[in-house]
Amino acid sequence: MTPAQLETLHQAVMILDYVGVAVFAISGALLAARKGMDPIGFIVVGATAGIGGGTLRDLVLGVRPVSWVSDQTNLAICVFVSLATFWLARPLHARYRTLLWADAVGMAMFTVAGTQKAISMDAPPFVAIAMGVMTACFGGLIRDMMCGERPLLFHKEIYATASIIGAATFLLLAEAPIPQDSRAGTAFLVAFIVRAAAIRWGITLPHYRQADQLGNGG
């Protein structure tokens, strides 16, 4: 890549990262609302969801310091959004559905941001996809485990699959003669549409069935 292209890519990653952090922090704060937590709980769960995946990504890629240490904007976004959600979540009547949709948007944004960051560091294609999935899914994984929820990543939900498809789309379009933001936007839409279809129509992956269930025909 030319220096100008690298600078454009860096700016795109930064913007997506900020927006993704905010959306995932909202998803974490909404889960805190379901659990009846206090404002500190909102901040902890929101920050975990917002920056957890990106932290793991940076550690794996060898980025030192990790993004939210070198630039405290992400941490400030998590705190602000989580506290705002503490006051604004009360009128919501369908928090779980809101959580699912906020999480889907965050997943798609972080998939693109994570894949872009890996590419900007010259990571191989499969590593770039893995970093996109890690950025998109592992913050939510830690969030769910902290709150005693069944992690979406480990069950039949189409979640990591949507992230993989979005990251692969971004890579496939990497050599296409289209602007960088168009590639990112297309990959975001693909990941979000796959996840949205799963939420809307209850589409799931095949899952392991225990021997007693198989024996009973269930």
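Each residue is numbered by its place in its chain's sequence as written, counting from 1. Only residues with pLDDT of 70 or above have their local features reported here, since the model is predicted, and side-chain atom pairs are shown and tallied only from 80 upward, although totals for entire chains, interfaces and linings are computed over all residues. With hydrogens and water set aside, each side-chain value is computed from the structure's full complement of heavy atoms.

Side-chain atoms within 4.5 Å are what join buried Ala, Val, Leu, Ile, Met, Phe, Trp, Tyr and Cys residues into a set we call a nonpolar core. Note on classification: 1.4 Å probe, protein chains only; a residue is buried when its accessible area is under 20% of the maximum for its type, exposed when over 50%, partly exposed between these limits. Counting 24 residues, the largest nonpolar core has Val-21, Cys-78, Met-107, Cys-137 and Tyr-159 as the members making the most contacts within it. Breaking this core down by element, the ones donating at least two residues are helix H1 (3-34), helix H2 (39-61), helix H4 (73-88), helix H5 (95-120), helix H6 (125-146), helix H7 (160-172) and helix H8 (180-201). When near neighbours in sequence (up to four residues on either side) are disregarded, Tyr-159 contacts Phe-24, Asp-103, Met-107, Ala-136, Cys-137, Leu-152 and Arg-195. Counting 14 residues, the second-largest nonpolar core is a separate cluster that includes Val-63, Val-112, Ala-118 and Met-134. What counts as a helix is a DSSP run of H or I of at least four residues, what counts as a strand is a run of E of at least two, and both are numbered from the N terminus. Every residue pair with non-hydrogen atoms within 4.5 Å of one another is taken to be in contact.

For the rest of this paragraph, the subject is unusual backbone geometry. Pro-65 follows Arg-64 through a cis peptide bond whose omega is -10°. For Pro-65, the position within the fold is in the loop between H2 and helix H3 (67-70). Located in the positive-phi region is Asp-122, a residue other than glycine, with phi close to 60°. Within the secondary structure layout, Asp-122 lies in the loop between H5 and H6. Using a relative accessible area of 70% as the deciding quantity, one classes Asp-122 as exposed.

For the rest of this paragraph, the subject is the side chain of Asp-103. Looking at the element boundaries, Asp-103 is found in helix H5. N or O atoms closer than or at 3.5 Å make up a polar contact, with two conditions inside protein: a donor-capable atom paired with an acceptor-capable one, and, for residues adjacent in sequence, both atoms drawn from side chains. Within the structure, the side chain of Asp-103 is placed 2.7 Å from the side chain of Arg-143, a separation counted as a polar contact. In this view, Asp-103 contacts Phe-24, Ser-27, Arg-143, Leu-152 and Tyr-159; residues no more than four positions away in its chain are not counted.

On to the packing of aromatic side chains. For Phe, Tyr and Trp, where Trp contributes only its six-membered ring, two rings pair if their centres lie within 6.5 Å, and the inter-plane angle classes them as stacked under 30 degrees, edge-to-face over 60, or tilted in between. Going through the model one piece at a time under the given rule, you end up with five aromatic pairs. Ring geometry for Trp-101 against Phe-192: centres 6.2 Å apart, planes inclined by 50°, an arrangement best described as tilted. Highlighted residues: Trp-101 in helix H5 and Phe-192 in helix H8, separated in sequence by 91 residues. On the basis of relative accessible area, Trp-101 is assigned to the partly exposed category, the value being 30%.

Time to look at the packing of H2 against H6. Look at H2 against H6: their axes get within 7 Å of each other, and the N-to-C directions meet at 140°. As far as their axial angle goes, H6 and H2 are oblique. Relative to H6, the crossing made by H2 is right-handed. Contact residues: Val-44, Val-45, Thr-48, Ala-49, Gly-52, Gly-53, Gly-54, Leu-56, Arg-57, Val-60 and Leu-61 in H2; Met-131, Met-134, Thr-135, Phe-138, Gly-139, Ile-142, Arg-143 and Met-146 in H6. A fitted line through C-alpha atoms represents every axis, and for helices the fit uses only the stretch in contact; the resulting angles, taken between N-to-C directions, go from 0 to 180 degrees. For classification, angles of less than 35 degrees are called roughly parallel, those exceeding 145 degrees roughly antiparallel, those between 65 and 115 degrees roughly perpendicular, and all remaining angles oblique. Handedness of a helix crossing follows the sense of rotation of the near helix relative to the far helix, less than a right angle counterclockwise being left-handed and clockwise being right-handed.

This brings us to the pattern of salt bridges. Between Lys or Arg on one side and Asp or Glu on the other, a salt bridge is scored when a side-chain nitrogen of the former is within 4 Å of a carboxyl oxygen of the latter. Per the counting criterion, the structure on display carries seven salt bridges. Between Lys-117 and Asp-58 there is a salt bridge whose closest N-O contact spans 3.1 Å. Highlighted residues: Lys-117 in helix H5 and Asp-58 in helix H2, separated in sequence by 59 residues. For the pair shown, Lys-117 and Asp-58 are each scored as buried. Between Arg-143 and Asp-103 there is a salt bridge whose closest N-O contact spans 2.7 Å. Taken together, the residues span a long stretch of sequence, with Arg-143 in helix H6 and Asp-103 in helix H5 at a distance of 40 residues. Where salt bridges share partners, they join Arg-34, Lys-35 and Glu-149 into one cluster.

Remember, this is a structural readout, not a statement about activity or role.
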